[in-house]
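# Close look at the chain arrangement
Listed below are the residues making up each chain.
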Amino acid sequence: MSILILCDHENGQLSPVTLNAVSAASQIGGEMHLLVAGDQTGNVAKAAASIAGIAKVLVADDKSLENGLAENLAPLMQSLSGSYSHMMAAATTTGKNVMPRLAALLDVMQISDIIKIDDANTFQRPIYAGNALSTVSSNEAIKVITVRGTAFEAVAAEGGNAAIEPVAGASDAGLSAYVKSELSSSERPELTSAPIVISGGRGMQDGANFAMLEKIADKLGAAVGASRAAVDAGFVPNDYQVGQTGKVVAPDLYVAVGISGAIQHLAGMKDSKVIVAINKDDEAPIFQVADYGLVADLFDAVPALEKELG
Amino acid sequence: MKVLVPVKRVIDYNVKVRVKADQSGVELANVKMAMNPFDEIAVEQALRLREAGTAEEVIAVSIGPAQNQETIRTALAMGADRGIHIEAPHDIEPLAVAKLLKAVVAQENPGIVLVGKQAIDDDCNQTGQMLAALLGWAQGTFASALEIAGDKAKVIREVDGGLEHIEINMPAIVTVDLRLNEPRYASLPNIMKAKKKPLDSLTAGDLGVDIAPRLTIVKVEEPTARAAGIKVGDVQELVSKLKNEAKVI
């Protein structure tokens with residue numbers, strides 16, 4: 001049994017969620033290889049080779065792989081599939097884009113967003129926005145899997161010394177082209193791996209009011225998130241969205257401000273260790289999952305909270 | 001150009017699902033069903049392409065039991081021109097769905113397939129990408145904007161870091177995200193008109209596709225409920241609890 005894990009990387013840096021995907025793979029057992037696909041990926045390959053437990057890093061360096069276009073990446077992964085029992089990726093927008101394309105090329109059914117591993121063929125995954133957990137087993141020759149990063153403790157980024165091996169076979173399928181990105185830049189921690197997340201909802205009333213949450217985030221070293229309602233209303237960009245179809249977070253502390261708590265939002269945050277809800281409606285469903293609920297007008301409570309934190 | 005829009009019948013997004021006592025799945029009997037909300041956005045986008053003169057015909061296809069014809073009628077009431085129903089079990093897997101859709105594409109030759117990025121029941125997020133692979137077409141996934149010009153489409157994708165702009169060759173698969181548009185409601189006259197629109201029925205056998213499941217469902221369980229929390233009186237008490245009791249700040 002051996003496992004190939006697709007390495008997530010951005011701007012020449014290995015994404016931390018790769019460490020969670022490796023953690024999931026390590027529970028399956030067998031030799032673990034990482035695939036670094038991109039252009040000029042030397043730094044990422046070095047970082048990948050240092051991850052504890054990795055036996056080999058395959059590096060596909062080609063212009064056609066620079067932006068992770070699924071039309072180019074999936075056939076490359078298919079060409080590497082021969083020696084693997086499992087092919088895995090974190091359930092990021094990159095993993096979600098390419099892995100089903102790979103699965104169909106291999107004529108296997110993918111298992112999406114796993115949160116628990118029973119054995120090499122049996123996996124648990126959330127369905128219905130996490131309101132039910134489905135355990136499925138697969139007899140496919142190759143298990144193509146995406147992993148929910150927050151469900152697996154990250155492995156150590158250091159301690160490994162894997163061999164780095166170039167792989168050929170990349171080519172441009174000529175179907176798609178990358179044009180540009182509009183990425184949110186922030187000095188704050190990344191939403192899905194931040195130890196504390198403070199999120200705002202429709203109750204924030206205006207994008208400018210998120211500055212109140214940002215001040216608290218800066219005091220706590222927290223990331224700022226949002227509900228779908230806040231993103232739809234244009235208060236904050238799409239990459240803030242926490243929920244069933246946005247990002248899934250599980251920080252030590254999640255503070256929900258002016259968020260009613262639709263099941264689609266709860267799906268993205270209810271595995272947080274401690275949940276705080278601040279909402280003026282004491283019937284809001286968010287209070288059903290909150291460890292500490294404060295029924296208050298957020299425009300009074302949030303400035304008071306900032307002051308109290310000193 | 002024809003636009004093909006696959007629409008899935010799922011438990012309505014407002015319904016709190018219940019797991020069956022025998023752990024074989026979730027309760028579907030006597031539960032309100034509706035079109036997958038992402039597929040509604042796909043239907044809306046297809047209609048806008050037709051209204052803009054980019055497309056001539058919008059075809060809604062649904063795969064599942066006889067009741068899926070209601071979901072097709074919903075798409076027809078929104079404005080789709082005709083429907084195709086493929087008889088299959090309710091819980092058919094995305095790979096089999098993609099193979100059936102490939103066969104429909106071969107019959108209909110659409111210029112684009114618009115589909116929801118994921119279904120809110122199984123949360124798989126696979127079908128569009130799989131169909132693109134089987135057809136050898138480009139895929140524009142998680143689209144929040146779509147612009148078609150000749151044999152290319154410009155797609156803005158919602159990705160983890162923000163937005164990504166790509167250009168893809170047509171024909172293509174575009175999987176739609178929440179912010180692409182706001183779907184219209186079907187008016188009563190359009191609901192009446194939809195009853196007369198053509199709706200063909202096929203089986204997987206007619207299309208020569210093997211739809212046998214590849215995965216076995218071992219069990220479906222309720223997640224562990226969170227222990228009940230407490231209400232705090234004010235911000236001072238909240239901060240004190242977070243520092244001294246939960247010890248998270």
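Residues numbered from 1 in each chain as written. Chains lettered and ligands numbered in written order. Predicted model: local features only at pLDDT ≥ 70, side-chain atom pairs only at ≥ 80, totals over all residues. Heavy atoms only, no water.

## A short note on the overall build of chain B
Each helix and strand counted, chain B has six helices and 13 strands in total. Taken along its principal axes, the extent of the C-alpha atoms in chain B is 65 × 45 × 40 Å. Sorting the 249 residues of chain B into buried and exposed places 54% on the buried side. Looking at chain B as shown, the accessible area adds up to about 10600 Å², and 51% of this sits on carbon and sulfur atoms. Of the side-chain charges in chain B, 30 are positive and 34 negative, and the distance between the mean point of each set is 2 Å. (Helix = DSSP H or I, 4+ residues; strand = E, 2+ residues; numbered from the N terminus. Buried < 20%, exposed > 50% of the residue type's maximum accessible area, 1.4 Å probe, protein only. Areas by Shrake-Rupley, 256 points an atom, 1.4 Å probe, with all protein chains shown as cover. Lys, Arg positive; Asp, Glu negative; His and termini not counted. Charge placed at Lys NZ, Arg CZ, Asp CG, Glu CD.)

## Comments concerning the nonpolar core
Core analysis: the biggest nonpolar cluster contains 93 residues, and A:Leu34, A:Leu35, A:Val57, A:Met87 and B:Ile86 have the highest contact counts within it. Looking at this core, the element that brings in the most residues is helix α3 (residues 94–108) of chain B, giving nine residues. If we skip the residues at most four places from it in the chain, A:Val57 touches A:Leu34, A:Val36, A:Ala45, A:Ala48, A:Ala49, A:Ala162, A:Ala163, A:Ile164 and A:Glu165. In terms of nonpolar packing, the next biggest core, distinct from the first, is built from 43 residues, A:Leu175, B:Ala55, B:Ala60 and B:Ala119 among them. (Core = buried A, V, L, I, M, F, W, Y, C linked by side-chain atoms within 4.5 Å. Contact = heavy atoms within 4.5 Å.)

## Quick look at the pairing of strand β5 (residues 56–61) of chain A
Residues and elements named next belong to chain A. For strand β4 (residues 31–38) and β5, the ladder comprises six bridges, and the chain directions are parallel. Paired with valine 36 across the two strands is valine 59, which belongs to β5. The parallel pair β4 and β5 is bridged by helix α2 (residues 42–50), and the resulting crossover is right-handed. Relative to strand β12 (residues 163–166), β5 runs parallel, the two being bridged by four bridges. Residue pairing in the sheet places valine 57 in a bridge with isoleucine 164 of β12. (Pairing = 2+ DSSP bridges. Right-handed = clockwise from strand over helix to strand, strands pointing away.)

## A few points about the interface of chain A and chain B
Chain A puts 86 residues into the contact, and the matching count from chain B is 75 residues. Overall, the association of chain A and chain B removes approximately 6600 Å² of surface from exposure, summing both partners, and the carbon and sulfur fraction of that is 55%. At the junction of chain A and chain B, the tally comes to five salt bridges. Close ionic contact of B:Arg226 with A:Asp291 constitutes a salt bridge, the shortest N to O distance being 2.8 Å. Here strand β10 (residues 132–138) of chain A pairs with strand β12 (residues 215–221) of chain B via six bridges, running antiparallel. Residue pairing in the sheet places A:Val136 in a bridge with B:Ile217 of β12(B). (Buried area = accessible area lost by both parts, 1.4 Å probe. Salt bridge = Lys/Arg side-chain N within 4 Å of Asp/Glu carboxyl O.)

## Concerning the sheet that holds strand β1 (residues 2–6) of chain A
All names here are of chain A. One open sheet holds the seven strands; their spatial order is β7-β11-β6-β1-β4-β5-β12, and the pairing between them is parallel. Two strands lie at the open edges of the sheet, namely β7 (111–114) and β12, each paired on one side alone. Mean inter-strand twist for the sheet, computed between neighbouring axes without regard to direction, equals 25 degrees. Strands in contact with helix α1 (residues 17–28) are β1, β4, β6 (86–90) and β11 (143–147); relative to β6, the strand with the most contacts, it is inclined by about 150 degrees. (Axes fitted to C-alpha atoms, helices over the stretch in contact; angles between N-to-C directions.)

## With respect to the sheet that holds β12(B)
Read across the open sheet, the four strands follow the order β8(A)-β9(A)-β10(A)-β12(B); overall the sheet is antiparallel. Each having just a single partner strand, β8 (116–119) of chain A together with β12 of chain B make up the two edges of the open sheet. On average, each strand axis in the sheet is inclined to that of its neighbour by 30 degrees, with strand direction left out of account. Alignment of strand β9 (residues 122–127) of chain A against β10(A), held across six bridges, turns out to be antiparallel. Across the sheet, A:Arg125 pairs through a bridge with A:Ser134, a residue of β10(A).

## Things to note about the confidence of the model for chain B
Chain-level statistics for chain B give a pLDDT mean of 97 and a share of 100% at 70 or above. Reported confidence for the predicted complex is 0.97 by ipTM and 0.96 by pTM. (pLDDT = per-residue confidence, 0-100.)

## Focus on the environment of B:Glu108
Residues and elements named next belong to chain B. Structurally, glutamate 108 is set in helix α3. Looking at glutamate 108, the relative accessible area reads 11%, which means it is buried. Between the C-alpha atom of glutamate 108 and that of lysine 2, which follows or precedes it by 106 residues, the distance is 7.9 Å. Those residues in contact with glutamate 108 that lie beyond four places of it in its chain are Lys2, Ile59, Arg82 and Ile84. At 3.0 Å, the side chain of glutamate 108 and the side chain of lysine 2 are in polar contact. (Polar contact = N/O pair within 3.5 Å; in protein donor to acceptor, adjacent residues only side chain to side chain.)

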